[in-house]
Amino acid sequence: MSQSTPNIVNLVESNKKYAASFDKGNLPLPPAKKYTVVACMDARVDPAAAYGIDLGDAHVIRNAGGSARDSLRSLVISQQLLGTREIIIVKHTGCGMLTFRNEDAVKLVRENLGEEGVKATVDAFGGEYLPLTDLEASIKEDVKWLQGNKALVPGINVSGWVHDLETGKVRNVV
């Protein structure tokens, strides 16, 4: 069993409360509304609450920066195995991925984990951390990349949005 930490205790206790009133165990596997949201993993973003996603409605793929490239494997599974037919990309203001360059991340891994750590990142994801330099430009690039990607269903709606962390509002970019 895992080492007990305050986070694990919280998980177990919170799950007891959740499970006590849980009544959604019979939802079908494919998402009811047949769409996927790609969003950042930032702890300040709650896609379900912010975008009106009820349990069973949509797939929500989260990763650092809400990267379409980092999400491709999950998007293919979402479409081909589970029938989704729309992709919504949402990136946010104040994203940590805007604060560094790829070389900075590599240097930090090297300092903290040595050359073996750097090699492990290269083996796992090519050592590409996919930092952002311009939020809106990266949204446009991701949408264009997804629309032209031969691994995805052609002609589906792909849109890109900015979530403003200060106001909680979203704004359509493309």
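See above for the structure.
By convention here, each chain's residues receive numbers from 1 onward along its written sequence. The predicted origin of the model limits local features to residues at a pLDDT of at least 70 and limits the giving and counting of side-chain atom pairs to 80 or more, whereas totals for whole chains, interfaces and linings rest on all residues. Excluding hydrogens and water, the side-chain values take into account all heavy atoms of the structure.

Draft legend 1. Just the sheet that holds strand 2 (residues 58-63), in detail. One open sheet accounts for five strands, arranged 2-1-3-4-5; its pairing is mixed. Looking at which strands have only one partner, the edges of the open sheet turn out to be strand 2 and strand 5 (170-172). Across the sheet, the mean angle from the axis of one strand to that of its neighbour is 25°, orientation sign disregarded. Of the strand pairs in this sheet, strand 1 (residues 35-40) and strand 3 (residues 86-92) are connected by four bridges, and their pairing is parallel. For V37, the partnering residue across the bridge sits in strand 3 and is I88. Contact criterion: two residues are considered in contact whenever any of their non-hydrogen atoms come within 4.5 Å of each other. Only the contacting stretch of a helix is used when fitting its axis, a line to C-alpha atoms as for every element, and angles between N-to-C directions run 0 to 180 degrees. Secondary structure counts use DSSP, requiring at least four H or I residues in a row for a helix and at least two E residues in a row for a strand, with both numbered from the N terminus. Packed onto the sheet, helix 3 (residues 68-80) meets strand 1, strand 2 and strand 3 and runs at close to 155° relative to strand 2. Relative to the sheet, helix 5 (residues 135-147) contacts strand 3, strand 4 (157-163) and strand 5, its axis offset from that of strand 4 by approximately 165°. For two strands to be treated as a pair, DSSP must find at least two bridges joining them.

Draft legend 2. Quick look at the environment of V122. Relative to the helices and strands, V122 resides in helix 4 (residues 102-125). For every residue, the accessible area obtained with a 1.4 Å probe (protein chains only) is divided by the maximum for its type, and the residue is called buried under 20%, exposed over 50%, and partly exposed between those limits. Among the residues examined, V122 registers a relative accessible area of 44% and is labelled partly exposed. Note: C-alpha distance between V122 and V106 (16 residues apart in sequence) is 9.7 Å.

Draft legend 3. Up close: the packing of helix 3 against helix 5. Where helix 3 meets helix 5, the axes come as close as 10 Å, and the angle between the chain directions of the two elements is 35°. Our pair here, helix 3 against helix 5, has a crossing hand that is right-handed. The residues of helix 5 that touch helix 3, namely those facing A68, R69, L72 and L75, are D142, W145 and L146. Crossings are classed by handedness, with left-handed meaning an anticlockwise turn of the near helix from the far one by less than a right angle and right-handed meaning a clockwise turn.

Draft legend 4. Quick peek at the side chain of T121. Assignment of secondary structure puts T121 in helix 4. Judged by relative accessible area, T121 falls into the buried class, the value being 13%.

Draft legend 5. Summary view of the nonpolar core. Buried Ala, Val, Leu, Ile, Met, Phe, Trp, Tyr and Cys residues form a nonpolar core when they are joined through side-chain atoms within 4.5 Å. Counting residues in each nonpolar core, the largest one holds 20 residues, and the members touching the most others are V38, L75, I87, I89, L146, L152 and V158. Elements with a minimum of two residues in this core: strand 1, helix 3, strand 3, helix 5 and strand 4. The greatest single-element share of this core, amounting to four residues, is contributed by helix 5. Residue contacts for I89: discarding those within four places in its chain leaves V38, G66, A68, D142, V143, L146, S159, G160 and W161.

Draft legend 6. Structural context of the packing of aromatic side chains. Any two of the Phe, Tyr and Trp rings considered here, Trp counted by its six-membered ring, make a pair once their centres fall within 6.5 Å; the pair's planes then place it as stacked at under 30 degrees, edge-to-face at over 60, or tilted in between. A full pass over the atoms with the stated rule returns two aromatic pairs. Where Y18 meets F22, the ring centres are 5.3 Å apart and the plane angle is 40°; that geometry is what we call tilted. Here Y18 falls in the partly exposed class, since its relative accessible area comes to 45%. Between F125 and Y129, the aromatic rings sit 5.2 Å apart at their centres with planes inclined by 80°, giving edge-to-face as the arrangement.

Draft legend 7. Summary view of the environment of S74. By secondary structure assignment, the location of S74 is in helix 3. We classify S74 as partly exposed; its relative accessible area is 27%. In this structure the C-alpha to C-alpha distance between S74 and T36, which are 38 residues apart in sequence, comes to 9.6 Å.

Draft legend 8. Structural detail: the state of the cysteines. Pairs of cysteine sulfur atoms within 2.5 Å are what we label disulfides. Under the criterion given, the structure shown has zero disulfides. The thiol of C95 is unpaired, and the distance to the nearest cysteine sulfur, on C40, comes to 4.0 Å. Note on C95: relative accessible area 4%, which makes it buried.

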